[in-house]
Amino acid sequence: MKITAVTTLVCHARMRNWVFVKVQTDQPGLHGWGEATLEWHTREVVGAVEDLAELLIGQDPTRIEHLWQTMYRQHFWHGHGIVRSTAISGVDIALWDILGKLHGTPCHRLWGGAVRDYVRTYCHLGGGRMEDFYETAPSDAGRFADLARQAVEEGFTAFKAMAVPETVPIEGRRAVRYAEACVGAMRAAVGEQIDIMIDCHARPSPRMGHLFARALEPFGLYFLEEPCWPEHLKDLAEIQRAVATPVATGERLTGLHAFRDLLELRACSVVQPDITHCGGLTVARKIMALAEAHQLAAAPHNPQGPVSTAASLELGFASPPYVICETVHADVPWRHDVVTEAHTIEREGRIVRPHQRPGLGIEINEREVAKHPFQPEVLLRTFHADGSVGDW
Ligand SMILES: [Mg+2]
């Protein structure tokens, strides 16, 4: 069997352009779907997939590890830059989909079978609707509480909010008070049984991250995500040592070596590889093994499109450290028109049980995708009060 084509389909989903990667084979009807969504870098990724195609056409798609090594190591430049790594990830996910389809079995069974009866999912406040998740004012604790109640009413037992405002390297009490008020309001609204995650979006400096972590510790967060830039692994480690709250990070790291460095420093308690960026399912599975060796939790980053979600769920069914799957469901109303999925999210508890459909269990509706051609992503930029540049 040979790979005959590697192409991308771009689907404009408002805040993101979903980049679907289709790998076709010379076996009639056998193709795989991957995803290489990288918001604000869509055209670069499409070009990077084109570059990779030259290495892949004519190759045996079932030699996934060999092809991964080829994509990562050939042509001199190693493939851990975010664009190349995302392109590699998209192809790699599609190759696993092909392998599952070839053997008539879901991916998680290729990896040793289900290790759990179901995967739990969590949502973003507002279900991933851009305005609710990214633009609720940090001064509006009441709105955070309303959206938290809504998530629980929709059946979720866990949700994530961005309740930490943008800050300059040091600030007075106001920003920390805002965060305390928002998290306090959400905790009061949903009670002790619901898991609350706070994503700092790597906005704070290491010192501000430390202050936020300390201030939010009494609220018993399920985890605190990216309390400072992922470039500062030693600072992440110090924040983790300073609080009992589990620190989560990893969505912007690519390549196995980056996760080795993170884990060697004991810099987090929850690893969050993004399967569409870290190097695909091939690397994500190795990260799961690293996490298992350190007895850490894994909660892959997944705010993108439906192929990314299917890949994350398959990984979750087969990986012991996996604790929860990130999902968005309200980013665009036609999300479910562009894909048929094998999995169902049960409303009660928002859990997903393993399915039996081959590969990732999905099929992309190319005609529907064509209705949403590329458009530049919504510009979401951050400037501080004095006009200086902040982190979005
Ligand atoms: Mg995040």
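Cut-offs used in this document
- Residues numbered from 1 in each chain as written.
- Predicted model: local features only at pLDDT ≥ 70, side-chain atom pairs only at ≥ 80, totals over all residues.
- Pairing = 2+ DSSP bridges.
- Helix = DSSP H or I, 4+ residues; strand = E, 2+ residues; numbered from the N terminus.
- Axes fitted to C-alpha atoms, helices over the stretch in contact; angles between N-to-C directions.
- Buried ≥ 20, exposed ≤ 12 C-beta atoms within 10 Å, placed from the backbone.
- Core = buried A, V, L, I, M, F, W, Y, C linked by C-beta atoms within 7 Å.
- Domains from an automatic or database assignment.
- Parallel < 35°, antiparallel > 145°, perpendicular 65-115°, else oblique.
- Contact = placed C-beta atoms within 7 Å.
- Expected span 1.5 Å × (residues − 1).
- Arc of directions from axis to C-beta.

Observations concerning the sheet that holds strand S1 (residues 3-13)
- Strands sit in the order S1-S2-S3 across an open sheet of three strands; the sheet is antiparallel. Because the sheet does not close on itself, it has two edges, and the strands there are S1 and strand S3 (31-35). Geometrically, the sheet is characterised by an average inter-axis angle of 20 degrees between neighbouring strands, direction not taken into account.
- With five bridges connecting them, strand S2 (residues 16-25) and S3 associate as antiparallel partners. Within S3, the position partnered with Val 21 by the bridge is Gly 34.

Some words on the environment of Phe 20
- Relative to the helices and strands, Phe 20 resides in strand S2.
- Of the residues examined, Phe 20 has 27 C-beta atoms within 10 Å and is grouped as buried.
- C-alpha of Phe 20 to C-alpha of Thr 37: the two residues are 17 residues apart in sequence and 7.4 Å apart in space.

Topic: the nonpolar core
- In terms of nonpolar packing, the biggest core is built from 117 residues, with Val 49, Val 91, Phe 159 and Ile 198 touching the most fellow members.
- Each of domain 1 (3-104) and domain 2 (110-369) accounts for three or more of the residues forming this core.

Let's talk about the packing of helix H2 (residues 64-73) against helix H3 (residues 82-103)
- At a closest axis distance of 10 Å, the pairing of H2 and H3 adopts a crossing angle of 170 degrees. Comparing the axis directions of H2 and H3 gives the class roughly antiparallel. Where H2 approaches H3, its residues Ile 64, Leu 67, Trp 68, Met 71 and Tyr 72 are matched on the opposing element by Ile 88, Val 91, Asp 92, Leu 95, Trp 96 and Leu 99.

Overview of the environment of Ser 85
- In this fold, Ser 85 is placed in helix H3.
- Of the residues examined, Ser 85 has 29 C-beta atoms within 10 Å and is grouped as buried.
- Measuring from C-alpha to C-alpha, the distance between Ser 85 and Pro 303 comes to 18 Å, with 218 residues separating the pair along the chain.

A closer look at helix H7 (residues 173-190)
- For H7, with 18 residues, the first-to-last C-alpha span of 26 Å sits near the 26 Å given by 1.5 Å per residue.
- Within H7 the residues assigned to the buried category are Ala 175, Val 176, Ala 179, Cys 182, Val 183, Met 186, Ala 189 and Val 190. Axial view of H7: buried residues confined to an arc of 170 degrees, hence all on one face. More than 90 degrees from the buried face of H7, the exposed residues found are Arg 173, Arg 174 and Ala 188.
- Of the surrounding elements, those touching the buried residues of H7 are helix H6 (141-153), strand S5 (158-161), strand S6 (195-199) and helix H8 (206-216).

A closer look at unusual backbone geometry
- Its identity is not glycine, yet Ala 202 carries a phi of approximately 55 degrees, on the positive side.
- One non-glycine residue, Gln 295, lies in the positive phi region at around 50 degrees.
- Among the secondary structure elements, Gln 295 is positioned in the loop between helix H11 (280-293) and strand S10 (297-298).
- In this structure Gln 295 comes out as exposed when scored by C-beta crowding, with 9 C-beta atoms within 10 Å.

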